[in-house]
Amino acid sequence: MEPKDSGTSFEFTTGVLLCFSRTLNFGVVFTKLASECDAVNLGQGFPDFPPPDFAVEAFQHAVSGDFMLNQYTMAFGYPPLTKILASFFGKLLGQELHPLENVLVTVGAYGALFTAFQALVDEGDEVIIIEPSFDCYEPMTLMAGGRPVFVSLKLTPTKDRELDSSSAWQLDPTELASKFTSRTKALILNTPNNPLGKVFSKAELELVASLCQQHDVVCISDEVYQWLVYDGCQHISIATLPGMWERTLTIGSAGKTFSVTGWKVGWVLGPDRLLKHLRTVHQNSVFHCPTQNQAAVAQSFQREQLHFGQPSSYFLQFPQAMQRKRDHMIQSLQSVGLRPVISQGSYFLITDISDFKSRMPDLPGAVDEPYDSRFVKWMIKNKGLVAIPVSIFYSQSHQKHVDHYIRFCFVKDESTLQAMDKKLQEWKAELGA
């Protein structure tokens, strides 16, 4: 690759830094505010309850058992883990997965995403990002030298006063098709979607698959919430559709799977023709993931494989429990005039704050600060509740169209949800005064 001239390099670096700074600023500001105001944290996406006992026991065994687990393991994954991932997901994807060729263990799903972008996206390549999108997709595209191309899900509202569902946010087939060009290298798909909670239907996935095949585009499929689907929804991996295995990277997360986000173990599944490039990046960057964490994840999957498809399956029990938490939060938020969107999956739901925007449009904040960001700051300071503005999950030019939504995380302990209820009851009493 030829060296960039100084002007181009400066513009590229500035763009990446500005993109990262938007995410960093909201994290720093809202976390600091929450701490100062002793607010209930329903913003950050992590469970504040213990992992399942079998996962904790697996980790304890990994730490106190075989002393060689304190040392390096295979660079591309601890062999018992790559073996169980190949066996478990091979059946789900309808593929005969080879542990060394079709599985790569990474430092969390975040590491999987970064490795994929660095391995496959070259200078000037275009990457289609479906909005709302996890906030790392854009900066990771820019860091690889690519150009993000955004296409937004469009809401078809339900009947007046009925709650919308995340399923009502859909792709416009014509608009999506228009985003593909001769420079398109990849499309990133996130199902179930963060922040919306949308689970893409088979018909929607078939549309994406058809366009990817037509234009010879790689699909990077972020499926970290695949086990967290509600109301009978079915998660479908796009790699299972005809013609898609050979052009799809399927990304998963032990953190989201077993409620152990601090373990930072993720994986990528895909054809060797793609994974060989990711292995090169992985080997020359992080090289290796913590052995004991991988051993604990391997043992947890081995346990789940014995119970999978039965009432005792954690992958069955966990979403049932989280759906109850989702329903609790939906009911509680409505008490103060917030309008939740019913999430089909993930840790999250978003809430329409249009009524508040109409009643109090002039909340304090910077001139160009989206309304949802100003509302969240006001809510933290005055109501003691933390959420995340949905506008940060959109490109800058699209933020003004969605600044009447905020995101809540409902995968929280009962004590946290009860603290939320108390804050909302106080808010409701103020509204009635």
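So, here is what we can say about the structure in this document.

1. Digging into the packing of aromatic side chains
Under the defined criterion, the tally for this structure stands at 33 aromatic pairs. Look at Y314 and F318: their rings are 5.1 Å apart centre to centre, the planes differ by 15°, and that puts the pair in the stacked class. Of this pair, Y314 and F318 both sit in helix α11 (residues 314-334), four residues apart, which is roughly one turn of the helix. The exposure classification of Y314 matches that of F318, with both residues buried. An aromatic cluster of at least three residues, connected via ring pairs, comprises F54, F88, F89, W227, F258, W267, F301, F308, Y314, F315 and F318. Positioned above the aromatic ring of F200 is the side chain of K198, whose terminal nitrogen or guanidinium carbon lies 5.1 Å from the ring centre. Directly above the ring of F348 sits R407, whose terminal nitrogen or CZ lies 3.7 Å from the centroid.

2. So, the sheet that holds strand β11 (residues 339-340)
In spatial order, the strands read β11-β12-β15-β14; together these four strands make up an open sheet with antiparallel pairing. Lying at the two open borders of the sheet, with one neighbouring strand each, are β11 and β14 (388-389). The pairing of β14 with strand β15 (residues 405-409) spans two bridges and is antiparallel. Residue P389 lies in a different strand from β15, and its bridge partner there is I406. Across the sheet, α11 is in contact with β11, β12 (348-352) and β15; its angle to β12 comes to roughly 15°.

The rules behind each value
Residues numbered from 1 in each chain as written. Predicted model: local features only at pLDDT ≥ 70, side-chain atom pairs only at ≥ 80, totals over all residues. Heavy atoms only, no water. Phe/Tyr/Trp six-rings, centres within 6.5 Å; stacked < 30°, edge-to-face > 60°. Helix = DSSP H or I, 4+ residues; strand = E, 2+ residues; numbered from the N terminus. Buried < 20%, exposed > 50% of the residue type's maximum accessible area, 1.4 Å probe, protein only. Lys NZ or Arg CZ within 6 Å of the ring centre and 35° of its normal. Pairing = 2+ DSSP bridges. Contact = heavy atoms within 4.5 Å. Axes fitted to C-alpha atoms, helices over the stretch in contact; angles between N-to-C directions.

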